Amino acid sequence: MPLLLPNLDDRRWSDLVDEGRALIPLYGSEWTDQNASDPGITLIELLASVTEMDIFEVNRISDRARLKFLSLVGVSPQPPLAASMPLRFSLPAGSPSMPLAAGAIFSGTDVSGTVTPFKTSRPLTIAPGSLQAVQVLDAGGFQDQTSNCLRGLPVGIFGSAAAVGTELYLGFDQPLAAAQSLTLYFQLNGSRSGAEERGSILAAAEARASACAPVTLPCLCKSASQSVPTMPEPGPITFTGVRLTWEILTASGWASLTGAVSDDTASFTLTGTVVITPSVAGLPGIVGKVKMPLSYLRVRLDAGAYDAPPVVTTVLANTILAYQTTPVGNTTFVIAAGVVASPPTPPGDVAGIHVRLGGQGQVIALQFVETGPQLRILAFTPATPTGAGSIVLECAAIGTSNGTPDYTITLPQAPIVALSLIVFSIENGEQYGWVSRPDFDASGRADRHFTLDATAGTITFGNGEHGLAAPLGATFYAAWEGTAAEAGNVRAALRWTLLDSPHNRCLLPNYNELAANVTADNPVAASGGAGAESLDLAIVRATTIFEEPQRAVTLDDYEQFALETPGRNVARVKGWANHHPSFPCFSAPGQVTLVILPYLPIRRPVPSAELLQAVANYVNSRRIIGSRLKVVAPTYIEVAVQATIVALAGSSLAGVQQRVTDMINQFLDPLTGGLGGTGWPFGRDVYRAEIMQVIGGVAGVDYIATLALEVNGCQCDPQCGNVCVAPTWLVAAGQHTIEVTR
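All of the points below concern the structure found in this document. Residue numbers run consecutively from 1 along every chain, following the written order of its sequence. Only residues with pLDDT of at least 70 get local features here, since the model is predicted, and only at 80 or more are side-chain atom pairs given and counted; chain-wide, interface and lining totals rely on the full set of residues. To get the side-chain values, take all heavy atoms of the structure and skip hydrogens and water.

Counting its secondary structure elements, the chain contains 13 helices and 41 strands. Taking 2.2 N^0.38 as the reference for a compact globule, 742 residues should give roughly 27 Å; the C-alpha atoms of the chain span a radius of gyration of 35 Å, well beyond that estimate. With respect to the three principal axes, the spread of C-alpha positions in the chain is 105 × 105 × 70 Å. To sort residues, take the accessible area from a 1.4 Å probe on protein chains only and compare it with the maximum for the residue type: under 20% means buried, over 50% means exposed, and anything in between is partly exposed. Relative to its full complement of 742 residues, the chain shows a buried share of 43%. We call two residues in contact when some of their heavy atoms are within 4.5 Å. Taking the contacts inside the chain whose residues are at least 6 apart along the sequence as the reference set, 74% of them involve residues at least 24 apart. For the chain, the accessible area works out to roughly 37,000 Å², and carbon and sulfur atoms hold 56% of it. Strands are runs of DSSP state E lasting at least two residues, helices are runs of H or I lasting at least four, and both sets are numbered from the N terminus onward. When we talk radius of gyration, it's over C-alpha atoms, and the globule rule is simply 2.2 Å times the number of residues to the 0.38. Accessibility throughout is a Shrake-Rupley quantity obtained with a 1.4 Å probe, and a residue counts as covered only by protein chains that appear here.

So, in structure tokens, the structure goes:
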């Protein structure tokens, strides 16, 4: 929805004149002639007219001005976004494994014949066989979850509570070969496991690294040989709260895969891939409830605790993420005879290119450099002393400048991925690079800058005053990736083929073998594709951002930041001001105490030490000076119910007893209990009347003969009154004694 701006043009000329005349007695009491013929009145009318025009102009804020206002607060409209999805690959029976390089393009065709290309995001070794079984071993024994995974239903890969010792078994119909990589894709359930959460974790890690970077002061005596200390870049995302052990079933039993696992899922807390390269070969066997021999991988939860039990909706083998982007165009440059490239051969498929052209349009100098535009080299034939050569680059000639200011070029196959765009020009045989800028406000006359409209695919150059005007006769080249934006959100189960293109044939040395043997499918629909954000929506987003707390000032701020801790799942949080958990009877000015609960479906969910530290680190970086913070686990008071219940005629005594016990446990649950079902409130007493009301609402209960409450397993007589709870405590259900009679 657009942001409604106030109407600033609410004063008319007559209003301003009347206001000016009304002020005359205050500032000039000797001024008595206020007729229209008086020169002073004429000046008031003149100034009122000028003021009215100023107010009119203030009220007319242009889109360009609003964009600048947004940029001042660090917000700009988002460009078109490419869709993404997991793409699964398979081989015919009996085929050996095949490598697939990152950047390979596959095209999917829907029932209407629409073709949509997707590009793989990382390299993959396609292993023979497929995933046939998914089993979980917990305290209740083996559970076959294969059908649930195939239907996309949520599956707790370590059971419902993710207790230490639970195991996940993955069975394959082909033995896992030694030194052969297998890529598994896990799609986690929940809003805190997707790409947005991954971005938040990386942003928080970058902020920590920046905050800890050493401050270097200018020193005149510092020698040039002395290096400036720098902070290392953040490493891969990890979850330190648990320790997992991967194993493979071999001829001699289960063998550890320590050092052979590359986990991008952060121990099953984020959607991603796990690449396994076993050093020993697997051996098929019968495990659990699946009665056919399969080659198994096993992952065991050895130590630690999750903030929330990991739940997956999709488990796929030979699967990687693919994005709906495709490179556009190719251009061939003829290399003049006798020209030797420097170095003689390209350093790789993608390299920095610098060329100089002669009068005939042939390359008379060619260098492969680290700087300059990084372009994919589709083909390269070196020149000989007597014969010409050629180089084919993955870029397109987009136009020749006519020398006018604000020269504009429209790229084909828009929208485009803004970050992928590379623009350079050939002017009088020399190559020059151009840089994208959001506008020309800070561009000088000689700056080779351009602006981009990613949706329309238009490039605009400077006017000579702000940004260099495109020189007359300059030929422009561009390399970019196109995307279909929101149209790229294709449905599941499309028909996929390896695209026959110069890009794929250059990238894939085994293209013919892959095209003949590899099949691909997308079990999950693509998502994330979106058109460019409108200015109005960007303004709304900016307003929303700045309505959110930037610093922890109030208790609500502290609680909100605790819930938002990147990479962590906090179910509930409650804060107290001027309270220290070690001195509950004394006031502690400036002290803030946060009590947090994880998403653990047990009677007494307790946060791990890692969760407490992660929340404390995140919130501490946002608290104001003069305050102190303690993040602690909850203190529980255990309440058990002893009751004698008379059941209705015809009802099952055991069934009534079980339903009563379940209802009491649910009512007292720290996460889902209470009157509102949002968890038992901190410090709320347990009232005997409410327990009786809960029991009375159970099907099959006639009336309650006796009821008493037991606190913390006390061996003393149960109390017939209410249970008092300290302000910072929570209630947990104990072992109830429910007797059901007729």
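The rest of the description comes next.
Positionally, Gly253 belongs in strand β12 (residues 253–256). Between the C-alpha atoms of Gly253 and Phe186, which are 67 residues apart in sequence, the distance is 26 Å.

Turning next to the side chain of Thr245. With respect to the helices and strands, the residue Thr245 is situated in strand β11 (residues 242–250). When residues no more than four places from it in sequence are discounted, the contact partners of Thr245 are Arg298, Val299, Arg300 and Asp302.

Strands qualify as paired when DSSP identifies two bridges or more between them. Reading across the sheet, the 3 strands line up as β35-β36-β37 and stay open at both edges, with mixed pairing between neighbours. Looking along the sheet, the strands with just one partner apiece sit at the ends: β35 (570–577) and β37 (628–632). With strand direction ignored, the average angle separating the axes of adjacent strands in the sheet is 20 degrees. One ladder, built from 7 bridges, connects β35 with strand β36 (residues 591–598); its direction is antiparallel. If you follow Val573 over to β36, its bridge partner there is Ile596. Axis definition: a line fitted to C-alpha atoms, limited for helices to the stretch in contact. Angles are taken between N-to-C directions and run from 0 to 180 degrees. Across the sheet, helix α10 (residues 555–563) touches β35, β36 and β37, and the angle it forms with β35 is around 155 degrees. Docked against the sheet, helix α11 (residues 609–620) engages β35, β36 and β37, running at close to 155 degrees with respect to β37.

To continue, consider empty space enclosed by the protein. Space left empty within the atom packing is revealed by a probe, the size of a water molecule, rolled over the atoms. Grid spacing is 1 Å over the protein atoms alone, the probe is 1.4 Å, and a cavity is where that probe fits but cannot get out, while a pocket is an open set with protein on both sides within 12 Å along at least five of seven lines and lining residues have an atom within 4 Å of a point. Grid points are joined across faces, edges and corners, and a volume is the space filled by probe spheres set on the points. Summed over the entire model, instances satisfying the criterion amount to 1 cavity of 30 Å³ or more. A volume near 40 Å³ is recorded for the largest cavity. In terms of lining, the largest cavity is formed by Pro128, Gly129, Ser130, Phe172, Gln174, Leu176, Leu182, Ala317 and Asn318. Gly is placed with the polar residues, together with every amino acid not listed as nonpolar (Ala, Val, Leu, Ile, Met, Phe, Trp, Tyr, Cys and Pro) or charged (Asp, Glu, Lys and Arg). Of the residues belonging to the lining of the largest cavity, the class tally is 5 nonpolar, 4 polar and no charged.

Counting 39 residues, the largest nonpolar core has Phe158, Leu184 and Phe186 as the members making the most contacts within it. Mapped by element, the contributors of at least two residues to this core are β6 (131–138), β9 (167–172), β10 (182–188), β11, β14 (272–276), β16 (290–304) and β17 (311–317). Each residue touching Phe158, except ones within four places of it in the same chain, is listed here: Val136, Ala163, Thr166, Glu167, Leu168, Leu244, Phe268, Val299, Arg300, Leu301, Tyr306 and Pro310. Definition of nonpolar core: a set of buried residues of the types Ala, Val, Leu, Ile, Met, Phe, Trp, Tyr and Cys, connected through side-chain atoms within 4.5 Å. Judged by nonpolar contacts, the second largest core, of 28 residues, contains Ile637, Leu668, Leu707 and Leu709.

Here we come to the pattern of salt bridges. When a carboxyl oxygen of Asp or Glu is within 4 Å of a side-chain nitrogen of Lys or Arg, the pair counts as a salt bridge. Tallied over the full model, the rule gives 23 salt bridges. Here Glu19 makes a salt bridge to Arg11, at a shortest N to O gap of 2.3 Å. Assessed through its relative accessible area of 30%, Arg11 is described here as partly exposed. We note a salt bridge from Arg64 to Asp441, for which the minimum N-O separation is 2.4 Å. With Arg64 in helix α4 (residues 63–72) and Asp441 in the loop between β28 (430–436) and β29 (449–453), this residue pair connects regions lying 377 residues apart in the sequence. By relative accessible area, which is 34% here, Asp441 ends up partly exposed. Taken together, the shared-partner salt bridges in this structure form one network comprising Glu167, Glu247, Arg298, Arg300 and Asp302.

A few words on the environment of Thr273. Checked against the element boundaries, Thr273 lands in strand β14. The exposure class of Thr273 is buried, given its relative accessible area of 5%. Once the C-alpha coordinates of Thr273 and Val592 are considered, the two residues, 319 residues apart in sequence, prove to be 40 Å apart. Not counting chain neighbours up to four residues away, the residues in contact with Thr273 comprise Arg122, Thr183, Leu184, Tyr185, Ser262, Asp263, Asp264, Thr265 and Thr319. A polar contact is formed between the side chain of Thr273 and the side chain of Arg122, at a distance of 2.8 Å. Pairing of N or O atoms within 3.5 Å defines a polar contact, subject to two protein rules: one partner must be a possible hydrogen donor and the other a possible acceptor, and residues neighboring in sequence count only if both atoms are side-chain atoms.

Aromatic contacts are taken between Phe, Tyr and Trp rings whose centres are within 6.5 Å, Trp giving its six-membered ring; a plane angle under 30 degrees counts as stacked, one over 60 as edge-to-face, and the others as tilted. According to the stated counting rule, one finds 21 aromatic pairs in the structure shown. On the numbers, 6.2 Å between centres and 20 degrees between planes, the contact of Tyr407 with Phe461 is stacked. Residue Tyr407 is located in the loop between β25 (396–400) and β26 (408–410), and its partner Phe461 is located in strand β30 (residues 458–461); the two are separated by 54 residues in the primary sequence. Using a relative accessible area of 12% as the deciding quantity, one classes Tyr407 as buried. Judged by its relative accessible area of 0%, Phe461 falls in the buried class. Three or more aromatic residues joined by ring pairs make a cluster, and in this case those are Phe158, Phe186, Phe239, Trp246, Phe268 and Tyr306.

What follows covers the layout of surface pockets. For the second largest pocket, the calculated volume is near 1,200 Å³. In terms of lining residues, the second largest pocket is bounded by 49 residues, among which Ile201, Thr565, Pro566, Gly567 and Arg568 are the most central. When contributions to the lining of the second largest pocket are tallied by element, the ones reaching two or more residues are α6 (195–211) and α11. Among the elements that make up the lining of the second largest pocket, the one with the highest residue count is α6 (9 residues). Across the lining of the second largest pocket, the residue classes tally to 26 nonpolar, 15 polar and 8 charged.

A word on the sheet that holds strand β8 (residues 155–156). Spatially, 5 strands are ordered β8-β17-β10-β14-β13 in an open sheet, and the strand pairing comes out antiparallel. In this open sheet, the two strands that pair with only one neighbour each are β8 and β13 (261–263). The pairing of β10 with β17 spans 5 bridges and is classified as antiparallel. Bridge pairing links Leu188 to Val312 in β17.

The subject of this paragraph is the packing of α10 against α11. Orientation of α10 relative to α11, taken along the N-to-C sense of each, is 125 degrees, at an axis distance of 9 Å. Comparing their axes, α11 and α10 come out oblique. α11 is crossed by α10, and the crossing has right-handed handedness. In contact with Tyr558, Phe561 and Ala562 of α10, α11 contributes Val615, Tyr618 and Val619. To sort the angles, those under 35 degrees are grouped as roughly parallel, those over 145 as roughly antiparallel, those from 65 to 115 as roughly perpendicular, and the leftovers as oblique. Should the near helix be turned counterclockwise from the far one by less than a right angle, the crossing is left-handed, whereas a clockwise turn marks it as right-handed.

Let's shift gears to the side chain of Glu167. Here Glu167 shows up in strand β9. A polar contact is formed between the side chain of Glu167 and the side chain of Tyr169, at a distance of 2.4 Å.

Look at helix α1 (residues 13–22) against helix α3 (residues 39–59): their axes get within 9 Å of each other, and the N-to-C directions meet at 135 degrees. One finds that α1 runs oblique with respect to α3. Crossing angle aside, the handedness with which α1 passes α3 is right-handed. Counting all contacts with α1, which are made through Trp13, Leu16, Val17, Gly20 and Arg21, the residues of α3 involved are Ile41, Ile44, Glu45, Ala48, Ser49, Thr51 and Glu52. Tallied by class, the residues present in the contact of α1 with α3 amount to 6 nonpolar, 3 polar and 3 charged.

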